[in-house]
Amino acid sequence: MKPIVSIIMGSTSDLPIMEKAAKLLDECEIPFEMLALSAHRTPAEVEEFAKNARSRGIKVIIAAAGMAAHLPGVIASMTTLPVIGVPIKSGMEGLDALLAIVQMPPGIPVATVGVNAALNAAILATQILALGNETVASKVEKYKTGLTKKIVDANQELASIKYKFKTN
């Protein structure tokens, strides 16, 4: 089995956040890899990864970084694959990472999700993959239907809670 999604993080300290992406990809039976690469500490390895990802069969890259958060942009500058950036909350409540990832120069796009929103990054990756894969498309549809059901169920539970002045 060869990976088609790469989950890249600047450090393994990002793993508790990025596990949410891994779990969704696993549930959807989408082969993926997880690597720790640093734009600042391992720049040669980042370059090798980015330049060879497509030829290895990777279709989407999810890249997480905190603080200066250069990793997603550096990867995007060296590949034509879609890159989804996940800003990691570190200093400044993650605002520094968010701005570093979202403020890319023309020609180097990085799709950016919210701070620590690895799950949304994985959902976006599956939606991109679903464009050319009906099996993935049906799994994305099932996942989205499950989200609707959670809210419907939550409202039923809320309706059963009684308060003296509650009207519904």
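Our structure is the block above this text.
Residues numbered from 1 in each chain as written. Predicted model: local features only at pLDDT ≥ 70, side-chain atom pairs only at ≥ 80, totals over all residues. Heavy atoms only, no water.

Here we come to the overall build of the protein chain. From N to C terminus, the protein chain includes 6 helices and 5 strands. For the protein chain, the succession of helices and strands along the chain, N to C, is β-α-β-α-β-α-β-α-β-α-α. Counting only residues that meet the buried cut, the protein chain has 38% of its 168 residues in that class. For the protein chain, long-range pairs separated by at least 24 residues make up 65% of all intrachain contacts whose partners lie at least 6 apart in sequence. Surface accessibility of the protein chain: about 9,700 Å² in total, with carbon and sulfur atoms responsible for 59%. Looking at charge distribution, the protein chain has the averaged site of its 17 positive side-chain charges lying 7 Å from that of its 15 negative ones. (Helix = DSSP H or I, 4+ residues; strand = E, 2+ residues; numbered from the N terminus. Buried < 20%, exposed > 50% of the residue type's maximum accessible area, 1.4 Å probe, protein only. Contact = heavy atoms within 4.5 Å. Areas by Shrake-Rupley, 256 points an atom, 1.4 Å probe, with all protein chains shown as cover. Lys, Arg positive; Asp, Glu negative; His and termini not counted. Charge placed at Lys NZ, Arg CZ, Asp CG, Glu CD.)

Attention now moves to the side chain of T79. Inspection of the secondary structure assignment puts T79 in the loop between helix 3 (71-77) and strand 4 (83-88). A polar contact is formed between the side chain of T79 and the backbone nitrogen of L81, at a distance of 3.1 Å. What T79 contacts, discounting residues up to four positions off in sequence, is A50 and I61. (Polar contact = N/O pair within 3.5 Å; in protein donor to acceptor, adjacent residues only side chain to side chain.)

Right, let's talk about the sheet that holds strand 5 (residues 111-112) for a bit. Spatial strand order, 2-1-3-4-5: 5 strands in an open sheet with parallel pairing. Since the sheet does not close on itself, it has two edges, and those belong to strand 2 (32-36) and strand 5, each with one partner. With 5 bridges connecting them, strand 1 (residues 5-9) and strand 3 (residues 60-66) associate as parallel partners. Following the sheet pairing, M9 is matched in strand 3 by A64. Relative to the sheet, helix 1 (residues 15-27) contacts strand 1, strand 2, strand 3 and strand 4, its axis offset from that of strand 1 by approximately 170°. (Pairing = 2+ DSSP bridges. Axes fitted to C-alpha atoms, helices over the stretch in contact; angles between N-to-C directions.)

Relative to the helices and strands, G73 is located in helix 3. The exposure class of G73 is buried, given its relative accessible area of 8%. Sequence separation between G73 and I58 is 15 residues; the distance between their C-alpha atoms is 17 Å. Beyond its immediate sequence surroundings of up to four residues, G73 is in contact with M104, I108 and V110.

Another aspect to go through is the nonpolar core. By size, the foremost hydrophobic cluster in this structure holds 28 residues, and its most contacted members are I7, M18, I30, I62, I84 and V86. At the level of elements, strand 1, helix 1, strand 3, strand 4, helix 5 (118-130) and helix 6 (134-160) are the ones that each hand at least two residues to this core. No other element matches helix 5, which puts 7 residues into this core. Every residue in contact with I62, bar those within four places of it in the chain, is listed here: V5, S6, I7, I8, M18, I84, V86, A121, A122 and A125. In terms of nonpolar packing, the next biggest core, distinct from the first, is built from 21 residues, V46, L71, A76 and A97 among them. (Core = buried A, V, L, I, M, F, W, Y, C linked by side-chain atoms within 4.5 Å.)

We note that E29 has phi near 60°; this positive angle belongs to a residue other than glycine. The topology assignment puts E29 in the loop between helix 1 and strand 2. Classification of E29 as exposed rests on a relative accessible area of 61%.

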